[in-house]
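Here's the letter readout for the chains.
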Amino acid sequence: MKTPSTLSTRRSAVKTLAGAAALAATAGLLAACAPDKPQFKSIDLTGADYAQGFTLADHNGQVRTLKDFPGKVVVVFFGFTQCPDVCPTSMAELAQVKKLLGADGDKLQAIFITVDPERDTPELLKAYMGNFDPAFLALRPTMAQLPEVAKDFKVYYKKVDGKTPGSYTMDHSAGSYVFDGKGRIRLYNRYGSGAEALASDIRLLLKNS
């Protein structure tokens, strides 16, 4: 014989299962209605509270901010012109990315921020950009601005003394920051990821911006 407490327990269990089923159905409907999140190959930084932008002079002496590039995907890389391998490799890769984008190549703006403003003069930076793409821009922070912009982008850099005062080198972070067409920080592209991967991410940003 079933006692009242047994019947009550069973009714409660049925209600719980029904509620769970309703919640699952609702969640399924919400998931179906929600837009698909882009599957980036780079690290997704959407919503990050750092790397918010810059206000720095370019190699032509013009002060630049992200607002200067509406509708373009901006890729920011920190380096220096006397870098033996990482910097030229990264800039050459960005030039390759631009070619891979085809008709959308002009919607990519590469920005090179020097961590060696002592030696990287505007003339030298302009010539350096010309080795990769004349449309690429180099920014030259002052010695006072450099620590602040590096801190904002969480970029590591350190001067390493050489045998003579002018032969020093610079250790620095090697990844790139990617901003969408509305000037919002979106991605961190790791060094060595390859041009194809970055081009794929930029296509997604252009499509979803």
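Worth saying up front: this structure is predicted, and the values here are computed from it rather than measured.

The rules we used
- Residues numbered from 1 in each chain as written.
- Predicted model: local features only at pLDDT ≥ 70, side-chain atom pairs only at ≥ 80, totals over all residues.
- Heavy atoms only, no water.
- Helix = DSSP H or I, 4+ residues; strand = E, 2+ residues; numbered from the N terminus.
- Buried < 20%, exposed > 50% of the residue type's maximum accessible area, 1.4 Å probe, protein only.
- Contact = heavy atoms within 4.5 Å.
- pLDDT = per-residue confidence, 0-100.
- Pairing = 2+ DSSP bridges.
- Salt bridge = Lys/Arg side-chain N within 4 Å of Asp/Glu carboxyl O.
- Phe/Tyr/Trp six-rings, centres within 6.5 Å; stacked < 30°, edge-to-face > 60°.
- Core = buried A, V, L, I, M, F, W, Y, C linked by side-chain atoms within 4.5 Å.
- Arc of directions from axis to C-beta.
- Polar contact = N/O pair within 3.5 Å; in protein donor to acceptor, adjacent residues only side chain to side chain.

S.K.: Please explain the overall build of the protein chain as it appears in this structure.
M.R.: If you tally the helices and strands in the protein chain, you get five helices and 10 strands. In the protein chain, buried positions account for 40% of the 209 residues. Of all intrachain contacts in the protein chain linking residues separated by at least 6 positions in sequence, the fraction that spans at least 24 positions is 71%.

S.K.: Honestly, the confidence of the model for the protein chain in this entry has me stumped. Any pointers?
M.R.: Regions with low pLDDT should not have their predicted coordinates read in detail. When pLDDT is averaged along the protein chain, the result is 87, and 83% of the positions lie at 70 or above. Considering only residues more than four positions removed or in separate chains, one finds that residues 1-34, a stretch of pLDDT under 50, has two contacts.

S.K.: I keep staring at the sheet that holds strand β5 (residues 108-114) and nothing clicks. Help me out?
M.R.: Hydrogen bonding along the main chain pairs the strands of a sheet, whether they run parallel or antiparallel. Pairing in this open sheet of six strands is mixed, and the strands run β1-β10-β9-β4-β5-β6 from one edge to the other. Pairing within the sheet leaves two strands with one partner each, and these edge strands are β1 (43-44) and β6 (137-139).

S.K.: Where do I start with unusual backbone geometry in this structure?
M.R.: Apart from glycine, the bulk of residues carry a negative phi angle, and the bulk of peptide bonds sit in the trans form. Although it is not a glycine, Ala51 adopts a positive phi angle of roughly 55°. Mapped onto the elements, Ala51 comes out in the loop between β1 and β2 (56-57). In this structure, Lys154 is a non-glycine residue whose phi angle is positive, near 55°. For Lys154, a relative accessible area of 55% translates into the label exposed.

S.K.: In this structure, what is going on with the pattern of salt bridges? I would like to understand it.
M.R.: Where charged atoms of side chains with opposite charge meet at close range, the side chains can pair. Applying the stated rule across the entire model yields seven salt bridges. Put simply, Asp116 and Arg119 hold a salt bridge, and the shortest N to O gap is 2.7 Å. Take Arg119: its relative accessible area is 15%, and that puts it in the buried class.

S.K.: Sorry, what's going on with the packing of aromatic side chains here?
M.R.: Think of a pair of aromatic rings as described by two things: how far the centres are apart, and how the planes are tilted against each other in angle. Scanning the entire structure with this criterion turns up seven aromatic pairs. With a centroid separation of 6.1 Å and an interplanar angle of 35°, the aromatic rings of Phe77 and Phe112 are classed as tilted. With Phe77 in strand β4 (residues 73-79) and Phe112 in strand β5, the pair connects residues that are 35 residues apart, well separated along the chain. What makes Phe77 buried here is its relative accessible area of 0%. By relative accessible area, which is 0% here, Phe112 ends up buried.

S.K.: Can you help me understand the pairing of strand β10 (residues 185-189) in this one?
M.R.: Note on strand geometry: in a regular strand, side chains alternate between the two faces of the sheet. Counting buried positions along β10 yields four of five residues, so the element is predominantly enclosed. Inspection of the sheet shows β1 paired to β10 by two bridges, in the antiparallel sense. Considered in β10, the bridge of Ile43 is made with Tyr188. For strand β9 (residues 176-179) and β10, the ladder comprises four bridges, and the chain directions are antiparallel. Along β10, the bridge assignment pairs Phe179 with Ile185. Connecting β9 to the next strand, β10, in antiparallel fashion are five residues, including Gly183 with a positive phi near 80°.

S.K.: Is there a simple way to explain the nonpolar core in this structure?
M.R.: Generally speaking, nonpolar side chains in soluble globular proteins are found buried as a group. Ranked by size, the top nonpolar core spans 55 residues in total, and within it Phe54, Val76, Ile111, Phe112, Phe153 and Tyr177 carry the most contacts. Apart from residues lying up to four places away in sequence, Ile111 is in contact with Phe54, Phe69, Val74, Val75, Val76, Phe77, Leu137 and Leu139.

S.K.: Whenever I open this one, helix α4 (residues 145-152) confuses me. Can you help?
M.R.: For an α-helix, 3.6 residues make a turn, and residues three or four places apart therefore share a direction. Among the residues of α4, those classed as buried are Leu146, Val149 and Ala150. All buried residues of α4 lie within an arc of 100° about the axis, which places them on one face of the element. The outward face of α4, more than 90 degrees from its buried face, is lined by the exposed residues Glu148 and Lys151. One or two residues past the end of α4 sits Lys154, with phi positive at roughly 55°.

S.K.: Would you explain the side chain of Gln109 in this entry?
M.R.: Within the fold, Gln109 resides in strand β5. In this structure the side chain of Gln109 is engaged in a polar contact, spanning 3.0 Å, whose partner is the backbone oxygen of Ala135.

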